[in-house]
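Architecture and fold: a report
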Amino acid sequence: MTVYLPEPSPEMPQLENRPGVLVIPGGGYHMCSAREAEPVAFAFLAKGYAAFILRYTVGKEHDFSMPFADVQEAMEYIAANAAEWSVDASRIAAIGFSAGGHLCAALSVMGKIRPAASILVYPCILDSISPILAFPVPSLDVKVDAQTPAAFIIAACEDGTVPIKNSLAYANALENAGIPFEMHIYEKGHHGFSLAEPTLFSYRDSAEYNAHIKGWFDLCITWLNKRLEFLV
């Protein structure tokens, strides 16, 4: 895990005991995507959050239990060091992309220490997605319970890799459990758009919708700040 901690400053006393975000990149459990790691962490740093990037166990020689153990250990490590880092242990959110979204959702529904809020970006949720992943994974919508944190969900209708039924299934489970959530389903957007910045996105037709879809991050920050009572 890579830890990014802004230096405390008397010029910004409102940022003492700040919240944090655990960033969980995607990559189909085959790899951890660089496009969904540092760029995302730095975006949260710029908004006043501490950021933690988890590069978890991947590869066909492993199974789901190993990355799940990694993400739980990451939350435990953050909690154990929060006071030293001037981070509020009760306000650690998690964001996951694609397979990282699956791991983020797993932490949210089964973790020993669950995040204060979860952000799921084109997430894998259903076990039916297993054929494109490095190993079989459990469906997570069926594991939502009363302790599952509120969620912010982003996906795109034309995602040909992870169908939006994954996001919809999780949202439906949250609704049935009475868990708050906000969801934005964009019409346009290929899988893996990350922050939808030109430096991170290589599709030639991206200019049509990047300016629109990149707005998800500002929507997310507004939602998360309110959820964590940070700078509001």
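All figures in this text were calculated on a predicted structure; none of them were measured in a lab.

1. Overview of the state of the cysteines
Enumeration according to the criterion identifies zero disulfides in this entry. Of all cysteine sulfurs, the one in Cys 124 lies closest to Cys 32, which takes part in no disulfide; the gap is 13 Å. No disulfide involves Cys 157; its sulfur sits 17 Å from the nearest other cysteine sulfur, which is in Cys 124.

2. Examining the sheet that holds strand 3 (residues 50-53)
The pairing of strands in a sheet comes from backbone hydrogen bonds and takes either a parallel or an antiparallel form. The strand order across the open sheet formed by seven strands is 1-3-2-4-5-6-7, and the pairing between neighbours is mixed. Of all the strands in the sheet, just strand 1 (2-4) and strand 7 (181-186) have a single pairing partner and so form its edges. Neighbour-to-neighbour, the strand axes of this sheet turn through a mean angle of 15°, independent of strand direction. Where helix 3 (residues 99-110) meets the sheet, it contacts strand 2 (18-24), strand 4 (87-97) and strand 5 (118-121), and its direction lies at approximately 140° from that of strand 4.

3. Here we look at the packing of aromatic side chains
What the rule picks out here adds up to 15 aromatic pairs. Ring geometry for Tyr 29 and Phe 135: centres 4.9 Å apart, planes at 35°, overall tilted. With Tyr 29 in the loop between strand 2 and helix 1 (38-46) and Phe 135 in the loop between strand 5 and strand 6 (151-156), this residue pair connects regions lying 106 residues apart in the sequence. With respect to class, Tyr 29 is no different from Phe 135; both count as buried. Here the aromatic residues Phe 44, Tyr 49, Phe 97, Tyr 122, Phe 193, Trp 216, Phe 217 and Phe 230 are joined through ring pairs into a cluster of three or more.

4. Considering the pattern of salt bridges
All told, the structure shown has six salt bridges when counted by the stated rule. Across the pair Lys 112 and Glu 76 runs a salt bridge, and its minimum N-O distance is 3.2 Å. Here Glu 76 lies in helix 2 (residues 65-81) and Lys 112 lies in the loop between helix 3 and strand 5, a separation of 36 residues in the sequence. Overall, the relative accessible area of 63% leaves Lys 112 in the exposed class. Among the salt bridges present, the one from Asp 88 reaches Arg 91, with a minimum N-O distance of 2.9 Å. Both residues of the pair, Asp 88 and Arg 91, count as buried.

5. Quick notes on helix 3
For helix 3, spanning twelve residues, the distance from its first C-alpha to its last is 16 Å, which sits close to the expected 16 Å at 1.5 Å a residue. With eleven of its twelve residues buried, helix 3 lies for the most part within the structure. Along helix 3, the residues that are buried comprise Ala 99, Gly 100, Gly 101, His 102, Leu 103, Cys 104, Ala 105, Ala 106, Leu 107, Ser 108 and Val 109. Contacts made by the buried residues of helix 3 are with strand 2, helix 2, strand 4, strand 5 and helix 4 (165-177).

Cut-offs applied
Residues numbered from 1 in each chain as written. Predicted model: local features only at pLDDT ≥ 70, side-chain atom pairs only at ≥ 80, totals over all residues. Heavy atoms only, no water. Disulfide = S-S within 2.5 Å. Pairing = 2+ DSSP bridges. Helix = DSSP H or I, 4+ residues; strand = E, 2+ residues; numbered from the N terminus. Axes fitted to C-alpha atoms, helices over the stretch in contact; angles between N-to-C directions. Contact = heavy atoms within 4.5 Å. Phe/Tyr/Trp six-rings, centres within 6.5 Å; stacked < 30°, edge-to-face > 60°. Buried < 20%, exposed > 50% of the residue type's maximum accessible area, 1.4 Å probe, protein only. Salt bridge = Lys/Arg side-chain N within 4 Å of Asp/Glu carboxyl O. Expected span 1.5 Å × (residues − 1).

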